[in-house]
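Listed below, chain by chain, are the residues.
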Amino acid sequence: MRNVQETCLLLFLFLILAALSSQVYCLSSDFSILDIPDEFISDEGVFQLFQEWKQKHGKVYKDEKEEEMRLDKFRRNVKYIVETNSKRKSTSQHFVGLTNFADMSNEEFREVHGSKIKMPFNKRKIIQMKNVEKKPTPISCDAPRSRDWRKHGAVTEVKNQDLCGACWAFSACGAMEGINAIVTGELISLSVQELVNCDSETNSGCYGGYMDPAFEWVINNGGIDSEADYPYTFSQGACNITKAYDDQFHIKSSIRFSK
């Protein structure tokens, strides 16, 4: 009888360990810490998560002192994530998670990755006035109150612009990716780099710009390349004429827009 009880106890402990290990695996495999109670994120667990997070994002620090400082900021961000997600009242509410910026404070992030837009104010004002004049005529339609286009395959993965102030190009590409996916059923990640390098008459590459001129550039160009064919380099460079203006290339691997 005693052996049976001991066996049952060992089996029970094994199941608990298995459950805990599966939660640790969930943390380490996809860095998702949703719906996990605060007590499961021990200092040891955060340290292990930090090591695997560093490896995933290729993080290397100059010395032990900097690594300790980054670990402390990482720990605070993990705590914030757990507390924020625990307050969600339904699955439709937004949640937060770890990104490659998880070892930075909010203040540091704003300082390092804040706006570097240097587009002259007068130029911005002219573009804004031009857009006001082109207000579209409202069209009535029976549309749902909301729709999560991620669930309908119309949104690409989150992209990282790094220190290049090309938010305008990312925004323009995101809009074009979505409408192309809705119309054709094919989701293609488009080339932000092509806009940054080639749309230079109105927009200013890594120093700022607007979506409307980006759309017009794509229309006048006859299309835009895919991200795979003209990848992002995190900086502004010379326009690749072959990729930007070769119609055959655009027909094969890019999308076309018309006015």
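Being a predicted model, the structure only gives us computed values, none of them experimental.

The rules behind each value
- Residues numbered from 1 in each chain as written.
- Predicted model: local features only at pLDDT ≥ 70, side-chain atom pairs only at ≥ 80, totals over all residues.
- Heavy atoms only, no water.
- Axes fitted to C-alpha atoms, helices over the stretch in contact; angles between N-to-C directions.
- Helix = DSSP H or I, 4+ residues; strand = E, 2+ residues; numbered from the N terminus.
- Parallel < 35°, antiparallel > 145°, perpendicular 65-115°, else oblique.
- Left-handed = near helix turned anticlockwise from the far one by under 90°.
- Contact = heavy atoms within 4.5 Å.
- Nonpolar A, V, L, I, M, F, W, Y, C, P; charged D, E, K, R; others polar.
- Disulfide = S-S within 2.5 Å.
- Buried < 20%, exposed > 50% of the residue type's maximum accessible area, 1.4 Å probe, protein only.
- Phe/Tyr/Trp six-rings, centres within 6.5 Å; stacked < 30°, edge-to-face > 60°.
- Lys NZ or Arg CZ within 6 Å of the ring centre and 35° of its normal.

Caption draft 1: Here's a closer look at the packing of helix α2 (residues 43–57) against helix α3 (residues 64–86). At a minimum axis distance of 10 Å, the contact between α2 and α3 shows a crossing angle of 110 degrees. Here α2 is positioned roughly perpendicular relative to α3, judged by the angle of their axes. In this structure, α2 crosses over α3, and the sense of that crossing is right-handed. Taking contact as the criterion, the partners of Asp43, Val46, Phe47, Leu49, Phe50, Gln51, Trp53 and Lys54 in α2 are, on α3, Glu67, Arg70, Leu71, Phe74, Arg75 and Val78. Of the residues in the contact of α2 with α3, the class split is eight nonpolar, one polar and five charged.

Caption draft 2: Region of interest: the state of the cysteines. Taken as a whole, this structure holds two disulfides when the rule is applied. The disulfide bridge from Cys164 ends at Cys206, spanning 2.0 Å between sulfur atoms. Looking down the S-S bond of the Cys164 and Cys206 bridge, the torsion is -100 degrees, so its handedness is left-handed. Placement of the pair is Cys164 in the loop between α5 (121–133) and α6 (167–184) and Cys206 in the loop between α7 (192–198) and α8 (211–221), with a sequence separation of 42 residues. Taking relative accessible area as the criterion, Cys164 reaches 2% and is therefore assigned buried. Classification of Cys206 by relative accessible area gives buried; the value is 10%. Covalently, Cys198 is tied to Cys239 through a disulfide, its sulfur atoms 2.1 Å apart.

Caption draft 3: Representation of the packing of aromatic side chains within the structure. All told, the structure shown has seven aromatic pairs when counted by the stated rule. Relative to Phe109, the ring of Phe101 has its centre 5.0 Å away and its plane inclined at 75 degrees; by these criteria the two rings are edge-to-face. For Phe109, a relative accessible area of 31% gives the class partly exposed. Put simply, the rings of Phe50, Trp53, Tyr61 and Phe74 touch in pairs and so form one group of aromatic residues. Taking NZ or CZ as reference, Arg147 lies 5.2 Å from the ring centre of Trp149, over its face.

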